[in-house]
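Architecture and fold: a report
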Amino acid sequence: MMSDLFGKWLDHYDPIHLGYTPRGIANGVCATGGWFFPRITGGYNLYRGSPGAGEIDYGRPVGAAGTAATEIRNFPWCLHASNTTYAYVVRSIGGGGVESDSSAPPVSVEIDALGTVIGPRPNAPSQLSVRPAADGAFDLRWTYSTAGEAAPPMMFRIFSDQGTGAIDFDTVVGSVAYRAGQVHYAFTTPTHAHGTRRLWAVRAVSVDDVDDGNSVAVSAWADAEPPPVCAGLIARRGGEY
């Protein structure tokens, strides 16, 4: 029984290392030689992993804040690498040093090649489909779900491969405005020559001009010709019904 209690005590205090562990340094336990938790009112610990939540290291806080804090920041020595995605979570910690589980889903933070944070992305459209329309146009349809979105979209942008076989995400073919609460969306493309094959993609774009980054594409062949006309019509009397 004593060994079990001692093990639980060592989960939150660290006299063996005098508190000089990643968690002990983050929460000031090193200032007490590892014998007690100094933040008597509790607070918050910040954790991260890359590239996703599965890599979060809960033994190494990258930030800490007091119980009255409304924001929490990285420690100055916990920098971001360029071209890297991180998953961040916050856990509350009580005055005795006992930490809770994460109370909210991880937040994704993307860093570009220049080391700048890319803003939160909207969700990607789902159920994207295409079918030929009249005169060689294409009808695109998709749905949008707000579940778990980091940012709401302002619009949807439509892209094509322009006949190259690879979607050109630098050229916008058209756009459709997002309407809060609307699930189903549609767009009719310009016309194409009969038999033209095109790839199409749709991305949601936030008010900060950050798109969802998806690369899902659908394809179809243009139908710009009517069915063949009958050569002639013959009428004759048949049997009675």
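Heads up: the structure comes first, above all this text.
Below: a short report on this structure. (Residues numbered from 1 in each chain as written. Predicted model: local features only at pLDDT ≥ 70, side-chain atom pairs only at ≥ 80, totals over all residues. Heavy atoms only, no water.)

Points about the layout of surface pockets
Approximately 300 Å³ is the volume attributed to the largest pocket. Looking at the largest pocket, it is lined by 16 residues, and the ones nearest its centre are Val107, Ser108, Gly148, Glu149 and Ala150. When residues of the lining of the largest pocket are traced back to their parent elements, those giving at least two are strand E4 (107-111) and strand E5 (117-118). Take the lining of the largest pocket: its biggest share by element is four residues, from E4. (1 Å grid on protein atoms, 1.4 Å probe; cavity = no way out; pocket = protein on both sides within 12 Å on 5 of 7 lines; lining within 4 Å. Points joined across faces, edges and corners; volume = space filled by probe spheres on them. Helix = DSSP H or I, 4+ residues; strand = E, 2+ residues; numbered from the N terminus.)

A few points about the environment of Trp200
In this fold, Trp200 is placed in strand E11 (residues 197-206). Residue Trp200 is classed as buried on the basis of its relative accessible area of 1%. Once the C-alpha coordinates of Trp200 and Leu128 are considered, the two residues, 72 residues apart in sequence, prove to be 9.2 Å apart. (Buried < 20%, exposed > 50% of the residue type's maximum accessible area, 1.4 Å probe, protein only.)

Quick look at the side chain of His192
With respect to the element layout, His192 can be found in the loop between strand E10 (184-188) and E11. Polar contacts involving the side chain of His192 include one to the main-chain carbonyl oxygen of Pro190, which spans 3.0 Å. With residues up to four places along the chain from it excluded, the contact list for His192 reads Asp135, Gly136, Ala137, Phe138, Arg198, Trp200, Ala222 and Ala224. (Polar contact = N/O pair within 3.5 Å; in protein donor to acceptor, adjacent residues only side chain to side chain. Contact = heavy atoms within 4.5 Å.)

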